[in-house]
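Chain residues, written in single-letter form:
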Amino acid sequence: MTQIRSNKSWEIPESLAVDEADFWNRRTFLKGAGLMGTTLLLCNHQLSAATAGFPSQRNPKYNLIEAEKITEEKYVTGYNNFYEFSLDKEDVKDKAKHWKTEPWSIEISGMVQKPSTLDVNELINEFGIEQRVYRFRCVEAWSMIVPWDGFPLRKLIEKAQPLSSAKYIKFISFDDPEEAPGMKNRSYPWPYTEGLRMDEALHELTLMVTGVFGKPLPNQNGAPVRLMVPWKYGFKSIKSIQKIEFTDQQPKSLWNELAPQEYGFYANVNPEVDHPRWSQAKERPIGSWFFQKIPTQPFNGYAEEVSSLYKGMDLKKNY
Ligand code: MTE
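No experiment lies behind these values; they were computed from the predicted model shown. (Residues numbered from 1 in each chain as written. Predicted model: local features only at pLDDT ≥ 70, side-chain atom pairs only at ≥ 80, totals over all residues. Heavy atoms only, no water.)

A word on helix H6 (residues 153–160). When H6 is considered as a whole, its buried residues turn out to be Leu153, Leu156, Ile157 and Ala160. Down the axis of H6, the sector holding all buried residues measures 100°, keeping them to one side. One or two positions beyond H6, positive phi appears at Gln161, with a value near 50°. (Buried < 20%, exposed > 50% of the residue type's maximum accessible area, 1.4 Å probe, protein only. Helix = DSSP H or I, 4+ residues; strand = E, 2+ residues; numbered from the N terminus. Arc of directions from axis to C-beta.)

Here it is as structure tokens:
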């Protein structure tokens, strides 16, 4: 099966995919050829909850085309920001390893037709999942390229049926200081909270992530479900989401509450707007040789897709 190539700035050739992704691509090919379709369908019913939705298929529309490579899995799953567990990126994995994230449900409330509580595995079974290779840029000026698995947030919003008066979505992470030792540090306004404007939330790039590298999301990456908004700094991509609230008020986020002059509501990746304490013009791809830096792109390389959302807005003010 040949792939139709388009010239979008954020696509990457299949040849840059890591081994595991290639493996799944071959399965996609076979499935496309009609050889595995039935087997996959049967297998789906036998999957345990922990593997809900897998194997996923790479969506060819979301493959980046630049001379960068997908970040090695050991960095994606071993260098994490998850303050509920630890402030030390390399310690998060260990601190979170015994945390139980199943069963897990998301409470939907606020300006919706019908408030509800939805089981994550049921959502995965209902919507299915796909793999997308996204650029990921942390506000701390490092970056990764990651094959996330998940479903568009839009599907969940359509299911929730928000009222037309709802203009924003607020996301709230779990709250469990007994399990997550970092939450005992009460100088942070726990639980971790984030928000999006409704049109940002409905954008096709906005993903609810349930896996990475074709496997269920490990605890340290925000199991069992987290957000991924690839044109925004990583802190917007809230992990381990337990509540979603539809509202007409711009939500407060944890970082915005702690340091509003440093972390705005929008947090769009912007090389021209520096963090008050460091430049955002360049970034360090994790795993790169000798800490080599590369230029940061406006909207993290997704300007073609998303810049229209911010037409007429002063992006220096609305950082
Ligand atoms: N979500 C929660 N609940 N807690 C956090 O500390 N950190 C954010 C974001 N989501 C964070 C969070 C930040 S600062 C970043 S850069 C990304 O998660 C890191 O995601 P990763 O560990 O999968 O790379």
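A word on the environment of Gln297. When you line up the elements, Gln297 lands in the loop between strand S13 (294–295) and helix H9 (303–306). Here Gln297 falls in the partly exposed class, since its relative accessible area comes to 29%. The spatial distance from the C-alpha of Gln297 to the C-alpha of Glu283 is 9.5 Å, given a sequence separation of 14 residues.

Both faces of the sheet carry side chains from a regular strand, because those side chains alternate between them. The sheet contact formed by strand S2 (residues 105–110) and strand S3 (residues 116–119) spans four bridges and is antiparallel. Residue Ile106 lies in a different strand from S3, and its bridge partner there is Leu118. Between S2 and S3, which pair antiparallel and follow one another directly, the connecting turn spans five residues. (Pairing = 2+ DSSP bridges.)

The residues that UniProt annotates with the feature "binding site: Mo-molybdopterin" (unreviewed entry) are Asn80, Tyr83, Glu84, Cys138, Ser173, Asn221, Arg226, Ser237, Ile238 and Lys239. With sequence-adjacent residues up to four places away left out, Tyr83 is seen in contact with Glu140, Gly182, Tyr188, Trp190 and Trp255. In this fold, Ile238 is placed in the loop between strand S10 (226–228) and strand S11 (241–247). Overall, the relative accessible area of 0% leaves Ile238 in the buried class. Those residues in contact with Ile238, other than ones at most four positions away along the chain, are Phe171, Ile172, Ser173, Tyr192, Thr193, Glu194, Arg226 and Leu227. (UniProt positions renumbered as here; feature names shortened; annotations may be inferred. Contact = heavy atoms within 4.5 Å.)

Right, let's talk about the pattern of salt bridges for a bit. Inspection of the entire model under this criterion finds 14 salt bridges. Between Lys74 and Glu72 there is a salt bridge, and its shortest N-O distance comes to 3.7 Å. When its relative accessible area of 53% is taken as the criterion, Lys74 is described as exposed. With a closest N to O distance of 2.7 Å, Glu262 and Arg277 form a salt bridge. With Glu262 in the loop between helix H8 (254–258) and strand S12 (282–285) and Arg277 in the loop between H8 and S12, this residue pair connects regions lying 15 residues apart in the sequence. Owing to a relative accessible area of 15%, Glu262 belongs among the buried residues under this scheme. Since its relative accessible area comes to 55%, Arg277 is described here as exposed. (Salt bridge = Lys/Arg side-chain N within 4 Å of Asp/Glu carboxyl O.)

Turning our eyes to something else, we now look at helix H5 (residues 120–127). When we look at burial in H5, the residues that qualify are Val120, Asn121, Leu123, Ile124 and Phe127. In an axial view of H5, the angular spread of the buried residues amounts to 155°, which keeps them on one side of the axis. Turned more than 90 degrees away from the buried face of H5 sit Glu122 and Asn125, all of them exposed. Check the buried side of H5 and you find it contacts S2, S3, strand S5 (142–152), H6 and strand S8 (207–212). Regarding H5, its N-cap is Asp119, as a side-chain oxygen of that residue lies 3.0 Å from the backbone nitrogen of Asn121 further along. Downstream of H5 by one or two residues, Gly128 has phi in the positive range, about 75°. (Polar contact = N/O pair within 3.5 Å; in protein donor to acceptor, adjacent residues only side chain to side chain.)

Attention shifts here to the sheet that holds S11. Strand order in this open sheet of five strands is S3-S2-S11-S6-S7, and the pairing throughout is mixed. Looking along the sheet, the strands with just one partner apiece sit at the ends: S3 and strand S7 (193–197). Taken over all neighbouring pairs, the strand axes of this sheet differ in orientation by 20° on average, direction set aside. Each of S2 and S3 is contacted by H5, which is oriented at about 75° to S3, the strand it contacts most. Here H6 sits on the sheet and contacts S2, S3, strand S6 (168–173), S7 and S11; the angle it forms with S11, its principal contact strand, is near 60°. (Axes fitted to C-alpha atoms, helices over the stretch in contact; angles between N-to-C directions.)

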